[in-house]
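Listed below, chain by chain, are the residues.
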Amino acid sequence: MRLTSRPLRAASLAAASATLVAAVLPGPEPLGIGDPLFPYLGNPGYDVLTYDIALTYRGADGRPLDAVTKIDARATRHLERINLDFTSGTVKAVEVNGGGAGFTTAGEDLVITPRQAVHAGTPLTITVTHTSDPAGGEAGGWVRTADGLAMANQADAAHRVFPCNDHPADKAHFTFRITAPAGLTAVANGLPVPAAGDRGAPSADRTWVYRTRHPMATELAQVSIGRSAVVHREGPHGLPLRDVVPAAQAARLEPWLEKTPAHITWMESKVGRYPLETYGLLLAQAETGFALETQTLSLFPVSMFTGDRHPKWYVESVMVHELAHQWFGNSVSPRTWSDLWLNEGHATWYGSLYADEHAAQPLEARMREAYAKSDRWRAAGGPPAAPEPAEPGRQLGLFRPIVYDGSALVLYALRQEIGRDAFETLERAWVAEHRDGTATTADFTALAQRISGRDLTGFFKDWLYGATTPEMPGHPDWRSEPPSDRRDAAVAAEH
């Protein structure tokens with residue numbers, strides 16, 4: 001038998017081993033972290049620490065933005081492949097830990113094959129050179145405005161803008177580097193970096209750099225590019241505030257903008273110190289049909305403040321709603337999307353409480369009306385803490401009345417059950433103990449039991465998971481109207 005030389009034999013063995021690994025490695029497939037409502041969101045095997053996202057915007061002609069997304073993470077298990085959530089863009093190159101890597105797509109995942117496997121517990125740096133498609137549309141992601149772009153990524157659309165681990169369970173710090181033509185203003189979550197410069201961009205362009213000081217879920221990312229004025233003021237305790245508004249309408253909008261410091265003071269009186277580094281309103285020239293609590297910079301359609309479709313008290317309650325989210329949903333984020341009621345129920349609660357205290361809109365009357373509709377809402381979309389999935393391709397369908405007024409109703413019932421003092425103590429403890437983190441419904445119910453000193457197992461089982469609405473503590477005369485058929489329930493869910 002003829003023997004090969006030692007170096008040649010070693011090379012042959014290495015090649016055979018690589019072929020064997022390739023043979024047993026399963027084909028690329030979309031992955032997820034097991035969220036029952038969004039099974040393919042998020043990816044296992046790593047924990048993202050930071051995102052550094054560079055975007056180059058050339059104008060309002062619809063061309064994709066050039067982008068580079070750098071992700072610093074830590075591997076939590078051995079990884080032969082790495083999945084990122086990403087779609088609606090073209091990937092040009094990928095590097096893993098400084099070396100080129102192979103890549104393909106599977107579903108809405110970018111599947112990366114590094115040259116060498118990444119071992120559990122080791123640092124992981126992924127750099128993706130790609131485009132970011134501003135088409136947006138009903139699927140979310142970029143929102144086209146009259147003068148540029150903004151973002152609306154909730155619930156599952158951040159990966160339509162940049163490669164990411166697109167689930168709130170994996171929060172991270174963000175840096176945004178936005179290059180735009182002269183005459184436009186770019187603003188993002190967090191605060192501007194003082195040393196930001198043009199970084200070699202053409203003289204007609206300017207690069208804006210923003211960085212968050214607190215971890216953030218991908219669904220809360222915000223970048224605004226347009227002909228905007230940035231209006232600065234100071235909030236409580238020297239908190240820097242900045243609003244981003246159409247430059248031509250800044251003076252007209254000032255009576256609304258100047259309300260924010262008092263709103264923050266009021267929220268702090270209820271739940272404690274504002275938990276983030278800055279706050280402000282982004283008033284976009286786009287008919288979004290909704291407001292959104294993007295972290296430190298809440299998104300609103302400017303028409304909400306310039307038109308007469310809504311009474312002033314209602315607009316102000318929506319402002320407080322989005323502000324309240326900075327505590328409930330942003331600082332304390334849901335571990336799974338089934339915990340969404342903790343975000344929206346609390347924001348609705350504080351928006352309604354503000355209207356009660358400042359605009360003679362009784363909280364009890366709103367809760368009684370919600371109670372009357374609650375069984376219909378539950379039939380249409382499930383109980384507050386066990387919502388039914390949205391229809392495929394219509395993920396905003398998850399945001400049904402049961403997670404807003406239906407979930408605020410749970411908080412009202414809890415306050416009735418344990419008393420106002422215990423309830424207010426619970427609210428402060430919740431945002432303090434879970435600040436900058438994620439939390440679950442089980443965490444909330446356990447804290448409520450600890451603070452109240454009571455076994456609330458039966459109460460929460462019925463109110464959070466029951467198919468029908470329990471009797472309201474203190475209001476045995478309240479009645480919930482059952483849906484006459486499934487159609488009635490569907491109509492209720494759409495409104």
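All residue numbers refer to positions counted from 1 along the written sequence of the respective chain. Since the coordinates come from a predicted model, pLDDT governs what is reported: local features require at least 70, and pairs of side-chain atoms require 80 or more to be given and counted, while whole-chain, interface and lining totals use all residues. To get the side-chain values, take all heavy atoms of the structure and skip hydrogens and water.

Q: Help me understand the environment of glutamate 369, please; the structure alone is not making it clear to me.
A: Relative to the helices and strands, glutamate 369 resides in helix H7 (residues 363-381). Along the backbone, glutamate 369 and glutamine 326 are 43 residues apart, and their C-alpha atoms lie at a distance of 27 Å. Runs of H or I in DSSP of at least four residues are treated as helices and runs of E of at least two as strands, each being numbered from the N terminus.

Q: Explanation requested: the side chain of serine 132 in the structure shown.
A: Structurally, serine 132 is set in strand E8 (residues 123-132). Here's how the labels work: a residue is buried when its accessible area is under 20% of the maximum for its type, exposed when over 50%, partly exposed in between, all with a 1.4 Å probe on protein chains only. Exposure remark for serine 132: the relative accessible area of 0% places this residue in the buried category. A polar side-chain atom of serine 132 sits 2.8 Å from a polar atom in the side chain of tryptophan 142. Any pair of nitrogen or oxygen atoms within 3.5 Å is treated as a polar contact; in protein, a donor-acceptor pairing is required on top of that, and neighbouring residues in sequence qualify only through side-chain atoms on both sides. Here valine 161 takes part through its backbone oxygen, which lies 2.8 Å from a polar atom of the side chain of serine 132. It only takes one pair of heavy atoms within 4.5 Å for two residues to be counted as in contact. Beyond its immediate chain neighbours, meaning those up to four positions away, serine 132 contacts Leu55, Pro64, Leu65, Ser88, Trp142, Arg160 and Val161.

Q: What exactly am I supposed to notice about unusual backbone geometry here?
A: With glycine set apart, most residues show a phi of negative sign, and most peptide bonds adopt trans. At the junction of glutamine 154 and alanine 155, the peptide bond is cis and its omega measures out at 5 degrees in the coordinates. Considering the arrangement of structural elements, one finds alanine 155 in the loop between strand E10 (148-152) and strand E11 (173-181). Although it is not a glycine, histidine 237 sits at a positive phi angle of roughly 60 degrees. Take histidine 237: it is sitting in the loop between strand E16 (228-234) and strand E17 (240-246). Residue class for histidine 237 comes out exposed when judged on its relative accessible area of 52%. One non-glycine residue with positive phi stands out, namely aspartate 436, at about 65 degrees.

Q: What exactly am I supposed to notice about the sheet that holds strand E1 (residues 46-56) here?
A: Strands belonging to one sheet form pairs held by backbone hydrogen bonds; the direction of such a pair is parallel or antiparallel. If you walk across this open sheet you meet the eight strands as E5-E4-E8-E2-E1-E11-E14-E13, and the pairing is mixed. The sheet is open, and its two edges are formed by strand E5 (99-100) and strand E13 (191-192), each paired on a single side. By this definition, two strands are paired if DSSP reports at least two bridges between them. Looking at chain direction, E11 and strand E14 (residues 205-211) are connected through seven bridges and run antiparallel. Looking at the pairing, isoleucine 178 lines up with tryptophan 208 of E14.

Q: Would you mind going over the packing of H7 against helix H8 (residues 405-418) with me for this structure?
A: Two quantities define a packed helix pair, namely the angle between the axes and the distance from one axis to the other. Angles here are taken between N-to-C directions and fall from 0 to 180 degrees, while the axes themselves are lines fitted to C-alpha atoms, restricted in helices to the stretch in contact. For the pair H7 and H8, the least separation of the axes is 9 Å and the interaxial angle reads 120 degrees. Accordingly, the angle class assigned to the pair H7 and H8 is oblique. The crossing of H7 and H8 is left-handed. Between H7 and H8, the contacting residues are Leu363, Glu364, Arg366, Met367, Ala370, Tyr371, Ser374 and Trp377 on the first element and Asp405, Gly406, Ala408, Leu409, Tyr412 and Arg415 on the second. Just so you know how the angles are binned, under 35 degrees is roughly parallel, over 145 roughly antiparallel, 65 to 115 roughly perpendicular, and the rest oblique. Handedness of a crossing follows from how the near helix is turned relative to the far one, being left-handed for an anticlockwise turn of less than a right angle and right-handed for a clockwise one.

Q: Any chance you could explain the sheet that holds strand E3 (residues 82-85) here in plain terms?
A: The three strands are arranged E3-E7-E6 in an open sheet whose pairing can be described as antiparallel. Two strands lie at the open edges of the sheet, namely E3 and strand E6 (102-106), each paired on one side alone. Pairs of neighbouring strands in the sheet enclose a mean axial angle of 25 degrees, with direction left out of account. Bridge count between E3 and strand E7 (residues 109-113): four bridges; the pairing is antiparallel. Bridge pairing links aspartate 85 to aspartate 109 in E7.

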